[in-house]
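Chains, contacts and geometry: an overview
This is what each chain is made of:
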Amino acid sequence: MARIAIDLHGGDFGPSILIPACFRYFRAHPQHHGVLFGDLKECKPFIQLCPTNVEWIDAHSLGYLAHKPAQLMRREGFSSIESAFKMLCHREVDALVSAEHTGVLLVLVGKYGRLHAAINRPVLASWLPTLTGTTVMLDLGASFSASREQLLAYSAVGVGLHGQGGAVPRLSLLNVGTEFFKGPVALRQADQALKGWSNIEYRGFIEASAVFTGQSDIIVCDGFTGNSIIKASAGALDLTFALLKQRLGRGLLKPVLAWWLKRQLEAVLTKLDPRLSNGAMVAGSELLVLKSHGNAKARAFVSAIERAVSAQELNVTRQIRIELDKLAED
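Residues numbered from 1 in each chain as written. Predicted model: local features only at pLDDT ≥ 70, side-chain atom pairs only at ≥ 80, totals over all residues. Heavy atoms only, no water.

Re the overall build of the chain
Broken down by element type, the chain carries ten helices and eleven strands. Considering the chain as a whole, with its 330 residues, one finds that 48% of them fall into the buried category. In the chain, 69% of the contacts between residues at least 6 apart in sequence involve partners at least 24 apart. Per element, the accessible surface of the chain, about 16300 Å² overall, is 56% carbon and sulfur. (Helix = DSSP H or I, 4+ residues; strand = E, 2+ residues; numbered from the N terminus. Buried < 20%, exposed > 50% of the residue type's maximum accessible area, 1.4 Å probe, protein only. Contact = heavy atoms within 4.5 Å. Areas by Shrake-Rupley, 256 points an atom, 1.4 Å probe, with all protein chains shown as cover.)

What follows is the structure, encoded as structure tokens:
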């Protein structure tokens, strides 16, 4: 059984979208328990529909401080997101899911959690669909640049997230080319260090065009590059769907073509559906925190809850700590 804290005030849509998503998940999974943090005045229309395995904590939104996260370190906070973090810190819940700004989550992980000595700030990691399954990619925006030491710490976190499946994880560094002499100095230094790791199959540099091929289980990069890759890929996918829709909107055969295309691509589109891969982990501390996309609607937010429960069941924070301990010893 997992107890999941959920901040209802993060993201673009707020309680009106997030509450039905939570109800949907916890009704379908009565063995788990949800603790919802939000303003009861806003949530009042939903309370009578609440499943028995969901409870409420009355707390207001973060307000203007969402855009000034550094100030959160210097004040006692009682907002929904800080109340959820306090409960997580005191082990009253197992994980936290929020669509709040990344900067807010990074600050609060540092405020209420303990970063491992081998990593100087949290890292944002997510699971991407590929031709052969999924790959863990990090960093996705927690830091704009990365030193050799940070890239090695991200690699250790990635190994921890990959799990204990028995197979040695294949790890690559994202670069502008596959040649050993390309890329920033820090990237080339990390490349040399990773060649000596015995617990991975290090595959060297990988280019952006190969991210989704499935040739690597873990892809490591700085946050600026990772965030750009993810957003550009989402934009390219949106463009593809828009052009298909535009093309199928013409001619007398539109209904037939649309029906045929839907049947042919249904499995592919399901795998590529960004709603099903929503939920990035803010990793590096003992706290299990999952960030949902700010524009996530109900199905996407359910995916973030599912990711949190799965991470709790696999005890990924412990696995990450083990890998970071090894790095610190070396």
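Considering empty space enclosed by the protein
Tallied over the entire structure, the rule returns one cavity of 30 Å³ or more. Volume-wise, the largest cavity comes out at about 30 Å³. What lines the largest cavity is Gly 10, Gly 11, Asp 12, Phe 13, Gly 14, Leu 18, Ala 99, Ser 292, His 293, Gly 294, Ala 296 and Phe 301. Tallied by class, residues from the lining of the largest cavity come to five nonpolar, six polar and one charged. (1 Å grid on protein atoms, 1.4 Å probe; cavity = no way out; pocket = protein on both sides within 12 Å on 5 of 7 lines; lining within 4 Å. Points joined across faces, edges and corners; volume = space filled by probe spheres on them. Nonpolar A, V, L, I, M, F, W, Y, C, P; charged D, E, K, R; others polar.)

Description of the pairing of strand β2 (residues 33–38)
Across the six residues of β2, six count as buried, placing the element largely inside the fold. On β2, burial covers both faces: His 33, Val 35 and Phe 37 on one face and Gly 34, Leu 36 and Gly 38 on the other are all buried. In terms of strand pairing, strand β1 (residues 3–7) meets β2 through five bridges, oriented parallel. Counted as the bridge partner of Ala 5 is Val 35 from β2. In this view, the connection linking β1 to its parallel neighbour β2 by way of helix α1 (residues 15–28) has right-handed handedness. Crossover connection from β2 via helix α2 (residues 40–47) to parallel strand β3 (residues 54–58): handedness right-handed. (Pairing = 2+ DSSP bridges. Right-handed = clockwise from strand over helix to strand, strands pointing away.)

A look at the nonpolar core
One recurring pattern in soluble globular proteins: nonpolar side chains tend to sit buried together. Membership of the largest hydrophobic core comes to 58 residues, with the highest contact counts inside it found for Ile 4, Ile 6, Leu 8, Leu 138, Val 157, Leu 161 and Met 281. At eight residues, helix α5 (residues 148–162) tops the list of elements feeding residues into this core. When near neighbours in sequence (up to four residues on either side) are disregarded, Leu 161 contacts Ala 125, Trp 127, Val 136, Met 281, Val 316 and Ile 320. Phe 85, Tyr 112, Leu 124 and Val 289 belong to the second-largest nonpolar core, a separate cluster that totals 35 residues. (Core = buried A, V, L, I, M, F, W, Y, C linked by side-chain atoms within 4.5 Å.)

Some thoughts on helix α3 (residues 80–89)
α3 sits mainly inside the fold: nine of its ten residues count as buried. Taken together, the buried positions of α3 are occupied by Ser 80, Ile 81, Glu 82, Ser 83, Ala 84, Phe 85, Lys 86, Met 87 and Leu 88. Elements in contact with the buried residues of α3: β1, β2, β3, β4 (95–98), α4 (102–112) and β11 (289–291). Arg 91 sits one or two positions beyond α3 and adopts a positive phi of about 65 degrees.

Looking at the packing of α3 against α4
Following both chains from N to C, one finds α3 and α4 inclined at 35 degrees, their axes separated by 10 Å at the closest point. Along this stretch, α3 crosses α4, giving a crossing that reads as right-handed. Taken together, the residues of α4 that come into contact with α3 (itself represented by Ile 81, Glu 82, Phe 85, Lys 86 and Cys 89) are Leu 105, Leu 108, Val 109, Lys 111 and Tyr 112. Its residues placed into classes, the contact of α3 with α4 shows seven nonpolar, no polar and three charged. (Axes fitted to C-alpha atoms, helices over the stretch in contact; angles between N-to-C directions. Left-handed = near helix turned anticlockwise from the far one by under 90°.)

Things to note about the sheet that holds β2
Taking strand neighbours across the sheet as the criterion, the eleven strands line up as β3-β2-β1-β4-β11-β10-β5-β6-β9-β7-β8 in an open arrangement whose pairing is mixed. Two strands bound the open sheet, and with one partner strand each, they are β3 and β8 (201–206). Within this sheet the neighbouring strands show an average axis-to-axis angle of 25 degrees, counted without direction. Direction of pairing for strand β7 (residues 170–174) relative to strand β9 (residues 218–220): parallel, over a ladder of three bridges. By the bridge assignment for β9, Ser 172 is matched with Ile 219. Sheet strands in contact with α2 are β2 and β3, and its direction is about 160 degrees off that of β3. Running at roughly 160 degrees to β4, helix α9 (residues 298–314) makes contact with β1, β4, β5 (123–129) and β11 of the sheet.

Quick look at unusual backbone geometry
For the bond running from Leu 138 to Asp 139, omega is 5 degrees, close enough to zero to count as cis. Tracing the sequence through the fold places Asp 139 in the loop between β6 (134–138) and α5. Phi is positive for Arg 91, close to 65 degrees, though the residue is something other than glycine. Exposure remark for Arg 91: the relative accessible area of 49% places this residue in the partly exposed category. The backbone phi angle of Asn 315 is positive, close to 55 degrees, even though this residue is not glycine. Checked against the element boundaries, Asn 315 lands in the loop between α9 and α10 (316–329).

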